[in-house]
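A structural walkthrough
Each chain, written out:
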Amino acid sequence: MSIKQLQDITDELREEAKRDPAREAEYYVAYKALEDKIRERDRKRPKCILARFEHSLDLFEEF
């Protein structure tokens with residue numbers, strides 16, 4: 001499941017939990033899954049892409 005799908009689910013469950021407190025547990029489970037998915041994505045993402053950094057430096061040197 002994608003992060004966007006999980007965000008949509010948690011948004012819906014948050015609204016339902018406001019109306020029905022019994023649904024709050026479902027919201028926390030979905031929210032925890034969303035947090036885990038975001039952490040996993042961030043862990044796999046490179047911290048700094050040197051090619052982009054060098055390209056931006058070249059652009060600044062031209063001006």
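Note that the structure is a prediction, hence the values are computed from the model and not measured.

1. Brief notes about the confidence of the model for the protein chain
Put simply, the protein chain has an average pLDDT of 81, and 73% of its residues get 70 or more. Model confidence for the protein chain, summarised as mean pLDDT per element, is weakest for helix 3 (residues 50-62) at 55 and strongest for helix 1 (residues 3-19) at 93.

2. What about the pattern of salt bridges?
This model, assessed by the stated rule, comprises nine salt bridges. The closest approach of N and O atoms between Asp11 and Arg14, which form a salt bridge, is 3.2 Å. Linking Asp11 with Arg14, this pair stays in helix 1, spanning three residues, or about one helical turn. Exposure remark for Asp11: the relative accessible area of 35% places this residue in the partly exposed category. One continuous salt-bridge network, built from bridges that share partners, spans Glu16, Arg23 and Glu26.

3. Brief notes about the packing of helix 1 against helix 2 (residues 24-44)
Closest axis-to-axis distance for the helix 1/helix 2 pair is 9 Å, and the angle between their directions is 155 degrees. In this view, helix 1 runs roughly antiparallel relative to helix 2, as classed from their interaxial angle. Along this stretch, helix 1 crosses helix 2, giving a crossing that reads as left-handed. Residues Ile3, Leu6, Gln7, Ile9, Thr10, Leu13, Arg14 and Ala17 of helix 1 pack against Glu24, Glu26, Tyr27, Ala30, Tyr31, Ala33, Leu34, Lys37, Ile38 and Arg41 of helix 2. Across the contact of helix 1 with helix 2, the residue classes tally to 11 nonpolar, two polar and five charged.

4. What about helix 1?
With 17 residues, helix 1 should reach 24 Å at 1.5 Å per residue; the first-to-last C-alpha distance of 25 Å fits that figure. Taken together, the buried positions of helix 1 are occupied by Ile3, Leu6, Thr10, Leu13 and Ala17. The buried residues of helix 1 occupy an angular sector of 85 degrees when projected down its axis, which confines them to one face. Of the residues in helix 1, the exposed ones pointing more than 90 degrees away from the buried face are Lys4, Glu12, Lys18 and Arg19.

What counts, and where the lines are drawn
Residues numbered from 1 in each chain as written. Predicted model: local features only at pLDDT ≥ 70, side-chain atom pairs only at ≥ 80, totals over all residues. Heavy atoms only, no water. pLDDT = per-residue confidence, 0-100. Helix = DSSP H or I, 4+ residues; strand = E, 2+ residues; numbered from the N terminus. Salt bridge = Lys/Arg side-chain N within 4 Å of Asp/Glu carboxyl O. Buried < 20%, exposed > 50% of the residue type's maximum accessible area, 1.4 Å probe, protein only. Axes fitted to C-alpha atoms, helices over the stretch in contact; angles between N-to-C directions. Parallel < 35°, antiparallel > 145°, perpendicular 65-115°, else oblique. Left-handed = near helix turned anticlockwise from the far one by under 90°. Contact = heavy atoms within 4.5 Å. Nonpolar A, V, L, I, M, F, W, Y, C, P; charged D, E, K, R; others polar. Expected span 1.5 Å × (residues − 1). Arc of directions from axis to C-beta.

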